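Letter by letter, the chains look like this.
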Amino acid sequence: MNWIKRAFRSISYHKKNTILMFLSFLILSILILFGLCIRAASRERIWEIRTSIGGSVLVSNERQIYSEEPRGVNSISHQKYLELCADERIRFGSCNTVTAALADNFTAEIMDGQEENGTENIYVEGSSDPVEYFSSVSSVVTLISGHVPQNAEEAVVSDGIAERNGLGISGIYSTNEAAYSGNVVYNNPANAIYTLDTPVYEMNENDNVKEITLQLKDPEEGRAFAEDAKKMPEYIKEEYDMDYTVNVSAYKAVADSLKSLAGISNLMVIVSVILGTITLSFLILMNLRDRMFEIGILLSVGETKMRIMLQMLMESFCPVLLAITAGVIFSYPLANVIKIAVDLSNGVQAAIKTQQIIILYLCGMGVVLASSMVMVYQIVRYQPKKILMME
């Protein structure tokens, strides 16, 4: 009889072993498929947030802020700013610059322990991107009315300055003095006038900047970009070292949790494959022990060991492949339950795709082949005469 026919008759005859093998791999195939889908969805989501959340690099002078220099110095050239923005890893950049000013008959905000004398220091801070700048200093100042400057004729002042001096300009902000420390009047954040960068360049009679904020296309490239930027030449005040602060905390917070989810799904797949290999190996050994006499008769009548191995392999392949197919079918309605749980984790959309199904079938065939090594080892060692004498 052909070994293929014998394999199918054996599958129908040894129902208990076949059903046990089918149910075991049905459960394992569902676990493996869900693990593969969650892993793929997590990786896709990590890539999405790499481009959507991104990261930033703050370029500033490491020099400390001294009382005679309001809020730092404009120690970065505009040429440096343009060269950094031109890097292909940067989505866009913004810069801000500052100048000190004396205003006669100007009532500034006085900090504790200081006296008002009628001629007070203020400072004007300009930014190429006021919206981004106000977002970055939100812990110190908060826009409470109006809007950020949109042209060189507009500015934003604190609520105290506006009330004291009767100013009506584009916007008014409030300050959180607890988040800021200083020892002179112009170190008081309430004495700042915020506008675009171009008027400040005119007051300073140069286009040097104090800080540069660069938005990264890919946060994973932040540190590499900072190292490359440090090698670029400085154009003014080279005695000051530039500090490149990479901020990818928002990306890391989401990416780390997604990487943990992907790691758990990887572990689920690996454990399921190992468990499937052990289970199938055990079932094959039990099957060989129960059918030793049958194998001995086949060998004694001239059947080759290779054909017997192929028969046993077929008997394992069929229920495993049927179990995987059933697992894929059952996984679609069960996937809705998984989606509800997983979608709550950082927007991961776990869906069953063709790629994961193909990998599942490959895993199943790999498990069968790995487990069959036990069967091959046993059959190679069988001697028909000894088997029949034992029986």
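Summary of the structure given here.

About the cut-offs
- Residues numbered from 1 in each chain as written.
- Predicted model: local features only at pLDDT ≥ 70, side-chain atom pairs only at ≥ 80, totals over all residues.
- Heavy atoms only, no water.
- Helix = DSSP H or I, 4+ residues; strand = E, 2+ residues; numbered from the N terminus.
- Buried < 20%, exposed > 50% of the residue type's maximum accessible area, 1.4 Å probe, protein only.
- Contact = heavy atoms within 4.5 Å.
- Areas by Shrake-Rupley, 256 points an atom, 1.4 Å probe, with all protein chains shown as cover.
- Polar contact = N/O pair within 3.5 Å; in protein donor to acceptor, adjacent residues only side chain to side chain.
- Core = buried A, V, L, I, M, F, W, Y, C linked by side-chain atoms within 4.5 Å.
- Patch = residues over 30% accessible without salt bridge, like charges linked within 9 Å, V, L, I, M, F, W, Y side chains within 5 Å.
- Salt bridge = Lys/Arg side-chain N within 4 Å of Asp/Glu carboxyl O.
- Arc of directions from axis to C-beta.
- Pairing = 2+ DSSP bridges.
- Axes fitted to C-alpha atoms, helices over the stretch in contact; angles between N-to-C directions.
- Left-handed = near helix turned anticlockwise from the far one by under 90°.
- Nonpolar A, V, L, I, M, F, W, Y, C, P; charged D, E, K, R; others polar.
- Parallel < 35°, antiparallel > 145°, perpendicular 65-115°, else oblique.

Each helix and strand counted, the chain has 12 helices and 9 strands in total. Looking at the 391 residues of the chain, the share that counts as buried comes to 46%. For the chain, long-range pairs separated by at least 24 residues make up 81% of all intrachain contacts whose partners lie at least 6 apart in sequence. Carbon together with sulfur atoms contributes 58% to the accessible area of the chain, which is approximately 20300 Å² in total.

This next bit is on the side chain of Ser281. Inspection of the secondary structure puts Ser281 in helix α8 (residues 249-290). Residues contacting Ser281, with those up to four places away along its chain left out, are Ser371 and Val374.

On to the side chain of Asp218. Its place among the elements puts Asp218 in the loop between β8 (211-216) and α7 (222-230). A polar contact of 3.0 Å, which involves the side chain of Asp218, links it to the backbone nitrogen of Glu220.

Next up on the list: the nonpolar core. One finds Leu280, Leu288, Met375 and Ile379 to be the most contacted residues of the largest nonpolar core, which totals 36 residues. At the level of secondary structure, the elements contributing two or more residues to this core comprise α2 (15-52), α8, α9 (292-300), α10 (305-343) and α11 (354-381). Looking at this core element by element, the count peaks at 10 residues for α10. Apart from the residues lying within four places of it in its own chain, the contact partners of Leu288 are Ile295, Met312, Met375, Gln378, Ile379 and Tyr382.

On the surface, a cluster of nonpolar side chains totalling about 290 Å² of accessible area is made up of Ile270, Ile274 and Ile278. Position of Ile278 among the secondary structure elements: in helix α8. On the accessibility criterion, Ile278 (54% relative accessible area) is exposed.

Once that is clear, we can look at the pattern of salt bridges. As a working rule, side chains carrying opposite charge can pair if their charged atoms are close by. For the structure on display, the rule yields 11 salt bridges. Lys353 is paired through a salt bridge with Glu44; the nearest N and O atoms lie 3.0 Å apart. Placement of the pair is Lys353 in the loop between α10 and α11 and Glu44 in helix α2, with a sequence separation of 309 residues. On the basis of relative accessibility, which here comes to 37%, the residue Lys353 falls in the partly exposed class. Glu44 sits in the partly exposed class, given a relative accessible area of 38%. Among the salt bridges present, the one from Glu303 reaches Arg307, with a minimum N-O distance of 3.8 Å. The partly exposed category is assigned to Arg307, whose relative accessible area is 37%. A single network of salt bridges, built from pairs that share partners, joins Arg6, Glu303 and Arg307.

Residues Met292, Ile295, Gly296, Leu298 and Leu299 constitute the buried set of α9. Each buried residue of α9 sits inside an arc of 165° when the element is viewed along its axis, so together they form one side. Two residues or fewer past α9, Gly302 is found with a positive phi of approximately 105°.

The buried fraction of β8 amounts to 5 of the 6 residues, a majority that puts the element mostly inside the structure. As paired strands, strand β1 (residues 55-61) and β8 are joined by 5 bridges and run antiparallel to one another. Residue pairing in the sheet places Val57 in a bridge with Leu214 of β8.

With their axes 9 Å apart at the nearest point, α8 and α11 run at an angle of 35° to one another. The chirality of how α8 crosses α11 is right-handed. Every residue of α11 that contacts α8 at Val273, Gly276, Thr277, Leu280, Ser281, Ile284, Leu285 and Leu288 is listed here: Cys363, Val367, Val368, Ala370, Ser371, Ser372, Val374, Met375, Gln378 and Ile379. Classifying every residue of the contact of α8 with α11 by side-chain character gives 12 nonpolar, 6 polar and no charged.

One can describe the packing of α2 onto α8 by two numbers: an axis separation of 8 Å at closest approach and a directional angle of 160°. Taken together, the axis directions place α2 and α8 in an arrangement best described as roughly antiparallel. As for how α2 packs across α8, the hand of that crossing is left-handed. Of the residues contributing to the contact of α2 with α8, the split by class is 22 nonpolar, 10 polar and 5 charged.

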